[in-house]
Amino acid sequence: MLDGPLDLAKARILITNDDGIEAKGLKLLHRIARTLSKDVWVVAPELEQSGASHSLTLQRPLRVRKCGPRRFAVDGTPTDCVLLAINRLLTDKLPNLVLSGINSGANLGEDVTYSGTVAAAMEATLLEVPAIALSMQIRDRGKIRWEVAEAHAAKVIRRLVAAPWAPNTLINVNFPDVAIKQVAGIAVVRQGRHKIGGELAERVDPRGRAYYWIGPVRVEDPGVRGTDLAAVTEGRIALTPIRLDLTNDSALGPLRKVFR
């Protein structure tokens, strides 16, 4: 992990995502990273892995395809990509920083438990490499404001790697879906909570059998100030430190009394 400010000009940066090796957000992140360091590597899934969470591929072998200089595609999950990159592909010099994204869609509230973007940053953190997950809020798929991330991501990354970094912690960054001039600053906020919805689409196949599409089943509730959901709703870039230790410390005492 970071013991002090990271000199990005001398750093090796690993980039990955969950939208796949050809995703526009990944290519944008690569361009941004190249403004920070000349030693940038891409190891990303061959195909989209959205919703893969922190899953590993255990029931079949993984294959790696070299796509170009310092660029590899893995037929597995985002977690597989980070694991292979750090333990096999970059063993001559380990990365000093992992950047995951830029995801096509926000990762707010409970999204982080499903997100392959965040999971890649989790895996890096477990392997003691500082990691940042970056996502773009989208209200209209026909008009994704990539320019907001392009304008602000490098600045956010530079400031993060110069700041104190808690152990076992990744940083989750979400860019708001607003015009560049309407970005209202950066907010360091806690993870929010979505309002549960029920947008599960049921269809019938040609043989009369029902099937289902899982859609945006949670409706964003921006009402709680100080959360990632509220921040992006207000047009701010949301930064949330995510701790990998999931222990509920307040529950330890009552449980210990029961099981004494």
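In short, a report on the structure. Note that the structure is predicted; figures quoted are calculated from it, not measured.

Rules used in this analysis
- Residues numbered from 1 in each chain as written.
- Predicted model: local features only at pLDDT ≥ 70, side-chain atom pairs only at ≥ 80, totals over all residues.
- Heavy atoms only, no water.
- Axes fitted to C-alpha atoms, helices over the stretch in contact; angles between N-to-C directions.
- Helix = DSSP H or I, 4+ residues; strand = E, 2+ residues; numbered from the N terminus.
- Parallel < 35°, antiparallel > 145°, perpendicular 65-115°, else oblique.
- Left-handed = near helix turned anticlockwise from the far one by under 90°.
- Contact = heavy atoms within 4.5 Å.
- Nonpolar A, V, L, I, M, F, W, Y, C, P; charged D, E, K, R; others polar.
- Core = buried A, V, L, I, M, F, W, Y, C linked by side-chain atoms within 4.5 Å.
- Buried < 20%, exposed > 50% of the residue type's maximum accessible area, 1.4 Å probe, protein only.
- Patch = residues over 30% accessible without salt bridge, like charges linked within 9 Å, V, L, I, M, F, W, Y side chains within 5 Å.
- Areas by Shrake-Rupley, 256 points an atom, 1.4 Å probe, with all protein chains shown as cover.
- Salt bridge = Lys/Arg side-chain N within 4 Å of Asp/Glu carboxyl O.

Regarding the packing of helix α2 (residues 78-89) against helix α4 (residues 116-126)
Interaxial distance between α2 and α4 falls to 8 Å at its minimum, and their mutual angle equals 30 degrees. In this view, α2 runs roughly parallel relative to α4, as classed from their interaxial angle. In this structure, α2 meets α4 at a crossing whose hand is right-handed. Every residue of α4 that contacts α2 at P78, T79, V82 and L83 is listed here: G116, A119, A120, E123 and A124. Class assignment of the residues belonging to the contact of α2 with α4 gives a composition of six nonpolar, two polar and one charged.

Looking at unusual backbone geometry
G101 connects to I102 through a cis peptide bond whose omega is -5 degrees. Among the secondary structure elements, I102 is positioned in strand β5 (residues 97-104). Located in the positive-phi region is S53, a residue other than glycine, with phi close to 55 degrees. You can see S53 is positioned in the loop between β2 (39-45) and β3 (64-68). Notably, R70 is not glycine yet its phi reads approximately 60 degrees, a positive angle. Tracing the backbone shows R70 in the loop between β3 and β4 (71-74).

Some words on the nonpolar core
Counting 41 residues, the largest nonpolar core has I15, L99, I102, I132, L134, V173 and F175 as its most contacted members. Tallying contributions element by element places helix α5 (residues 146-161) first for this core, with nine residues. Grouped together as the second largest cluster of nonpolar side chains are 22 residues, W41, V82, A85 and A131 included.

Notes on a nonpolar patch on the surface
Taken together, the side chains of L56, L58 and L83 present a nonpolar region at the surface, about 280 Å² in accessible area. Within the secondary structure, L58 is located in the loop between β2 and β3. The class for L58 is exposed, based on a relative accessible area of 66%.

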